[in-house]
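# Structure assessment
The primary structure of each chain is shown beneath.
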Amino acid sequence: MTEQNTQAKLKNLLKQEKIQLWNPPYTQEDNQPGDQHLLELAQRYAPLLHLPAAEVGGALESIRIQAVRRGKGNQTFRETSVATLELLLPRDAKQEPKRKNYLETRLDLPVQQLVDRITEEFSLKHIKLILNGRTLSTDQRLDEQGVKNHCKVMVLKVSDAEQISKEEEEKKNQSESIQRTQKGFQILSERDGSEDPDTTPFLEIADQKGNPLKIPHKEKKALILAMGFHEKGRSLMKRKQYDNALCHLLQADQQFSKCGSALLSSVDNYAVLQLDVVWCYRALEALSCLEDSRSRLQRAEECFLKCYGEQQQRLLMIKGNTGREEVLFLRLYLLQSLLSYIEGNDRQARVLLSKVENLYGRLSPDSEKMAQLMALGFTEREARLGLRACGGDLQEAAIHISNRRQEREEQKQSERQKRRTRMEFISRLEELGFSRRDAARALHHAGGDVDKAYAILQDSSQAAQTVSQDTVSPEKVEQLLYLGFERDAAEAALRLTGEDVQSATQLLLDNQGVLSPDLLSPPSTSTSPSSEEASTSSTSPEDNELVNEVLEDISRHEEDYLDLTLEEESELISRLKTYLNREAAHTV
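Source: prediction; values computed, not measured. (Residues numbered from 1 in each chain as written. Predicted model: local features only at pLDDT ≥ 70, side-chain atom pairs only at ≥ 80, totals over all residues. Heavy atoms only, no water.)

### Some points on the overall build of the protein chain
For the protein chain, the count of helices and strands is 25 helices and five strands. Evaluated residue by residue, the protein chain yields a buried proportion of 46% over its 588 residues. Counted over contacts in the protein chain with a minimum sequence separation of 6, partners at least 24 positions apart contribute 66%. Only carbon and sulfur atoms are counted for the fraction: they give 47% of the accessible area of the protein chain, which is about 30900 Å². (Helix = DSSP H or I, 4+ residues; strand = E, 2+ residues; numbered from the N terminus. Buried < 20%, exposed > 50% of the residue type's maximum accessible area, 1.4 Å probe, protein only. Contact = heavy atoms within 4.5 Å. Areas by Shrake-Rupley, 256 points an atom, 1.4 Å probe, with all protein chains shown as cover.)

Here it is in structure tokens:
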């Protein structure tokens, strides 16, 4: 990291003086260094950087070699269309940690060919390639995904059976993990709570006070997928599996991009995700992805500003304090300080680090106070969050934690009462002759109003009976048969949609061309309120297994993302202070 800092400063000086190290007298015709001129330049710059001339000379030679290689790469690309890519390899795959790794390739080739070459040349088994925070698709060409000459491509390991324990070897590999996570949360995103929550879990998007948010179905689906991938990624981060975590976080980022900007600015999840991605870059020593890291931290800061208010006044109004959320700003400023240092901006790095140390002093838990609160029966998490919320005041923290427990209990009681009332209404509608499934969906569609639900069921039943008595148009059936659907499913879909071919096609596509038995047979009493509901819930054993699997990674505590122990942050603060003190030491 100190090498990056020194080189960044030297590049600024070279740019100011318009010195081109790849040209004479610093580089000779045979691309060898002009030693005497480089030595004179190093001796001139050393006092400005407060570093030994030998260290500055080594950094200048590294910059020169990179510039010469880049020039040769440009010429090769112009003449042969063969590009040079810089590979950011996993730490344990680097034979020489300080040496940069390059690979030449045409850009009109599928990514899979590049993956195959990297795995063979660097003895890796399963990898993913990341460019500017996006996972490259293996079945598309490099140039179709924005890969250009001299791009930096990050290489993430998926798994390595020779280096993992037997227990981990038995787990699904990373690509399967991502697919299972996506499938599980897709099932949950389609569930709307119309089924019995005891047997069919569903997810609800709530605000910072726990109140459900009304979000358009399409955005809600994307948001649940995004938050699901984020939770899985955070779970992997806690286990220090940063390669795997980053893949899931980038999937979350992709889903968040499908949500409207108004929605993203009203919740802090998107900002926290940006911090987590850059934190993974740091852990993987991939902060040379400077452009992507800087833009992500900028987005995080802007999102926090919109969500919390300029002086966090909106957060103060909602929650009554800002202490818990301040850990997010500590991590934000710490990462910004680290990037500033890598870019050679020591002054800015010190300013930001000062803000970090100020926050750390306030937010670092007092072990004695933590012990006293835990002796009262509170958990370690409650004690830590409570002390931060109350500025370290022990008595206030105890009261705050007790109040939060009571609020959560009251919310649970309210949910239980809603569930009991709902089950009573469903039973009442069953007694009137409607199926339990249809009654549950109608009640959900009516917002819990049993009279409205009854009216919906009546209207739906009459409409269904009318449709079932009609003869389905043979021409429209043939259209669906031409698309590859079975006759029974095609006729049922046309009946359910009032013979609207487009709607019937969509219904069949949503159900993979196979409608459930209750839809294939003519309805006796009623159907669900709308054809869209036909695919919204699935209770097969396989689906339930997937749902239960992904739910394991969702914390039951709504403020889990704020419960940072600050141990990793403390280590990084110490490292940064050591780096920044180098200049003062050399000056003395």
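Moving on from the coordinates now.
### Digging into the packing of aromatic side chains
Going through the model one piece at a time under the given rule, you end up with seven aromatic pairs. Look at phenylalanine 329 and tyrosine 333: their rings are 6.2 Å apart centre to centre, the planes differ by 45°, and that puts the pair in the tilted class. Taken together, the residues span about one helical turn, with phenylalanine 329 and tyrosine 333 both in helix 13 (residues 326-342) at a distance of four residues. In terms of burial, phenylalanine 329 and tyrosine 333 fall into one category: buried. Taken together, a centroid distance of 5.3 Å and an interplanar angle of 10° make the contact between tyrosine 341 and tyrosine 579 stacked. A residue pair is termed long-range when its members are at least 10 positions apart, and tyrosine 341 in helix 13 and tyrosine 579 in helix 25 (residues 567-587) qualify at 238 residues. Tyrosine 579 shares its class with tyrosine 341; the two are buried. Aromatic ring contacts, followed pair by pair, group Phe304, Tyr308, Phe329 and Tyr333 into a single cluster. Taking NZ or CZ as reference, arginine 282 lies 4.1 Å from the ring centre of tryptophan 279, over its face. (Phe/Tyr/Trp six-rings, centres within 6.5 Å; stacked < 30°, edge-to-face > 60°. Lys NZ or Arg CZ within 6 Å of the ring centre and 35° of its normal.)

### Examining the side chain of arginine 404
Following the sequence through the fold, arginine 404 ends up in helix 17 (residues 394-431). Residue classification places arginine 404 among the buried residues on the basis of a relative accessible area of 19%. There is a polar contact of 2.9 Å between the side chain of arginine 404 and the side chain of glutamate 407. (Polar contact = N/O pair within 3.5 Å; in protein donor to acceptor, adjacent residues only side chain to side chain.)

### A few points about the pattern of salt bridges
Side chains that differ in charge, positive against negative, can pair when their charged atoms come close. Considering all chains together, one arrives at 29 salt bridges under this definition. Two residues, glutamate 144 and arginine 141, come together in a salt bridge whose shortest N-O distance is 3.9 Å. When the shortest N-O distance is used, the salt bridge between glutamate 380 and arginine 384 registers 3.0 Å. Of the two residues, glutamate 380 and arginine 384 both sit in helix 16 (residues 380-389), four residues apart, roughly one turn of that helix. Owing to a relative accessible area of 41%, glutamate 380 belongs among the partly exposed residues under this scheme. Residues joined by salt bridges that share partners form a network here, namely Glu231, Arg234, Lys238, Glu380, Arg381, Arg384, Asp560 and Asp563. (Salt bridge = Lys/Arg side-chain N within 4 Å of Asp/Glu carboxyl O.)

### Topic: the nonpolar core
With 67 residues, the main nonpolar core has Met154, Leu246, Leu275, Phe304, Leu328, Leu332 and Leu334 as its most contacted residues. Elements with a contribution of two residues or more to this core: strand 5 (152-159), helix 7 (217-238), helix 8 (242-256), helix 10 (269-283), helix 11 (290-308), helix 13, helix 14 (346-363) and helix 25. Top contributing element to this core by residue count: helix 13, with 12 residues. Leave out the neighbours within four places in its chain, and leucine 332 touches Leu275, Leu297, Ala300, Glu301 and Phe304. (Core = buried A, V, L, I, M, F, W, Y, C linked by side-chain atoms within 4.5 Å.)

### Points about helix 4 (residues 111-121)
For helix 4, the set of buried residues is Val111, Leu114, Val115, Ile118 and Thr119. For helix 4, the angular spread of buried residues about the axis comes to 130°, placing them on one side. Where helix 4 terminates, the next one or two residues include serine 123, which has phi positive at roughly 55°. (Arc of directions from axis to C-beta.)

### Some points on helix 3 (residues 53-80)
In this model, helix 3 (28 residues) spans 40 Å end to end at C-alpha, consistent with the 40 Å of a helix rising 1.5 Å per residue. Restricting attention to buried positions, one finds in helix 3 the residues Val56, Ala59, Leu60, Ile63, Arg64, Gln66, Ala67, Val68 and Gly73. Residues of helix 3 that are buried in the fold lie against helix 1 (2-17), helix 2 (35-49), strand 1 (82-88) and strand 2 (101-106). Within two residues after helix 3, serine 81 carries a phi angle of roughly 65°, on the positive side. (Expected span 1.5 Å × (residues − 1).)

### Points about the confidence of the model for the protein chain
Counting all residues, the mean pLDDT for the protein chain is 80, and 74% of those residues have values of 70 or more. Here residues 517-538 scores under 50 on pLDDT; set against residues more than four positions off or in separate chains, the count is 52 contacts. (pLDDT = per-residue confidence, 0-100.)

### Describing the side chain of glutamate 382
Note that glutamate 382 resides in helix 16. A polar atom in the side chain of glutamate 382 sits 3.0 Å from the backbone nitrogen of threonine 379. Apart from the residues lying within four places of it in its own chain, the contact partners of glutamate 382 are Ile401, Arg405 and Arg408.

### Let's talk about the environment of leucine 507
Following the sequence through the fold, leucine 507 ends up in helix 22 (residues 501-510). In the structure, leucine 507 is positioned 11 residues away from leucine 496 in sequence and 9.2 Å away in space, judged by C-alpha atoms.

### Digging into the state of the cysteines
For the structure on display, the rule yields zero disulfides. Cysteine 307 takes part in no disulfide bond, and the closest cysteine sulfur to it belongs to cysteine 303, at a distance of 6.0 Å. (Disulfide = S-S within 2.5 Å.)

### So, the pairing of strand 1
Looking along a regular strand, one sees the side chains alternate between the two faces of the sheet. Burial analysis of strand 1 places seven of its seven residues in the buried class, the great majority of the element. In strand 1, alternate side chains face the same way, and those of Val82, Thr84, Glu86 and Leu88 on one face and Ala83, Leu85 and Leu87 on the other are all buried. Sheet analysis places strand 1 next to strand 2, joined by six bridges and oriented antiparallel. The residue bridging alanine 83 from the neighbouring strand is threonine 105, located in strand 2. (Pairing = 2+ DSSP bridges.)

### Points about a positive patch on the surface
Together, Lys11, Arg69, Lys72, Lys100 and Lys152 line one region of the surface with positive charge. Mapped onto the elements, lysine 72 comes out in helix 3. (Patch = residues over 30% accessible without salt bridge, like charges linked within 9 Å, V, L, I, M, F, W, Y side chains within 5 Å. Lys, Arg positive; Asp, Glu negative; His and termini not counted. Charge placed at Lys NZ, Arg CZ, Asp CG, Glu CD.)

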